[in-house]
Amino acid sequence: MIKCIAFDLDGTLVNSLEDLADASNHTLKDLGFPVHDVNEYRYFVGSGVSKLFERALPEGHKDEATVAEARKIFEEYYSHCYCNRTIPYELVAELLDELKDAHYRLAVVTNKPDAFAKNILKTLFPCIEFDFVQGASDELPKKPDPFLLKQCMEELHMKPEDCIYCGDSDVDVAFAHNAGIPAAGAAWGFRGMDELEAAGADYIINYPNELLTLLDILN
């Protein structure tokens, strides 16, 4: 029986693409490099800030020192713009309310830096009390390593069979499977249905409220 739903953040609960692209392109301009179209960032984000710039920087400039400099510029700029145009996806707030009313435990486990993740959740979902929130830090392994999801289950006293993870990318599917739990693919997010199917998502949902129907079936 599913008792706990863990979510990815960017591309699953919130559409943050424009703010991420804005901060990334600001960083690239500052370093004197070409920028990218907003939609290209759908495939750059999802694996942490360092990996974002390993993908966004031009060939020949993906060395560790340049990535570190880009990350520093990005995080300073993003700290002032992370909620300029970031909004919850339609029906997500209602979904979270219904899940809470049904006494599910709610978690967010993301590769977004931890402070940004927590601030976004407090800003955009002020009435939702999440039971566990953990973003990326330099001290902890990032998705798809299962460490953070296992930590979540341990802190909430959940077994793998009690949980499901909902995210929009192949990284999220691998993350769930590496932790021994099913993956529900959020087809409304950054990556879309084809990637989720190819990654082997156990379930694919087209709209957030379809998760309620899936949970009724599973339980």
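Residues numbered from 1 in each chain as written. Predicted model: local features only at pLDDT ≥ 70, side-chain atom pairs only at ≥ 80, totals over all residues. Heavy atoms only, no water.

Draft legend 1. Quick peek at the side chain of Asp8. Position of Asp8 among the secondary structure elements: in the loop between β1 (4-7) and β2 (14-15). Exposure remark for Asp8: the relative accessible area of 5% places this residue in the buried category. A distance of 3.0 Å separates a polar atom in the side chain of Asp8 from a polar atom in the side chain of Thr12. There is a polar contact of 3.0 Å between the side chain of Asp8 and the side chain of Lys143. The contacts of Asp8, once residues within four sequence positions are left out, are Leu13, Val109, Thr110, Lys143, Tyr165, Cys166, Gly167, Asp168 and Asp172. (Helix = DSSP H or I, 4+ residues; strand = E, 2+ residues; numbered from the N terminus. Buried < 20%, exposed > 50% of the residue type's maximum accessible area, 1.4 Å probe, protein only. Polar contact = N/O pair within 3.5 Å; in protein donor to acceptor, adjacent residues only side chain to side chain. Contact = heavy atoms within 4.5 Å.)

Draft legend 2. Structural context of the sheet that holds strand β5 (residues 132-136). With parallel pairing, six strands are arranged side by side in an open sheet as β5-β4-β1-β6-β7-β8. For this open sheet the edge positions go to β5 and β8 (203-205), each flanked by a neighbour on one side alone. The sheet shows a mean angle of 20° between the axes of neighbouring strands, direction not considered. Its contacts with the sheet place helix α5 (residues 114-124) against β4 (105-113) and β5, and it is angled at close to 135° to β4. (Pairing = 2+ DSSP bridges. Axes fitted to C-alpha atoms, helices over the stretch in contact; angles between N-to-C directions.)

Draft legend 3. Structural context of the pairing of β5. Burial analysis of β5 places five of its five residues in the buried class, which makes it a mostly covered element. Pairing analysis gives four bridges linking β4 to β5, with the strands arranged parallel. By the bridge assignment, Val108 is partnered in β5 with Val133. For the crossover that starts at β4, traverses α5 and ends in the parallel β5, the hand is right-handed. (Right-handed = clockwise from strand over helix to strand, strands pointing away.)

Draft legend 4. The arrangement of the nonpolar core in detail. Counting 53 residues, the largest nonpolar core has Ile5, Phe7, Leu13 and Leu99 as its most contacted members. With five residues, helix α1 (residues 17-30) is the largest single contributor of residues to this core. Leave out the neighbours within four places in its chain, and Phe7 touches Thr12, Leu13, Leu95, Leu96, Leu99, Leu106, Ala107, Val108, Val109, Tyr165, Cys166 and Leu211. In terms of nonpolar packing, the next biggest core, distinct from the first, is built from 22 residues, Ala107, Phe132, Phe175 and Ala179 among them. (Core = buried A, V, L, I, M, F, W, Y, C linked by side-chain atoms within 4.5 Å.)

Draft legend 5. Local environment of unusual backbone geometry. Pro144 follows Lys143 through a cis peptide bond whose omega is 15°. Its place among the elements puts Pro144 in the loop between β5 and α6 (147-155). Of note in the backbone geometry, His157 takes a positive phi value of approximately 60° without being a glycine. Here His157 is to be found in the loop between α6 and β6 (163-167).

Spatial relationships are all this shows, so hold off on functional conclusions.
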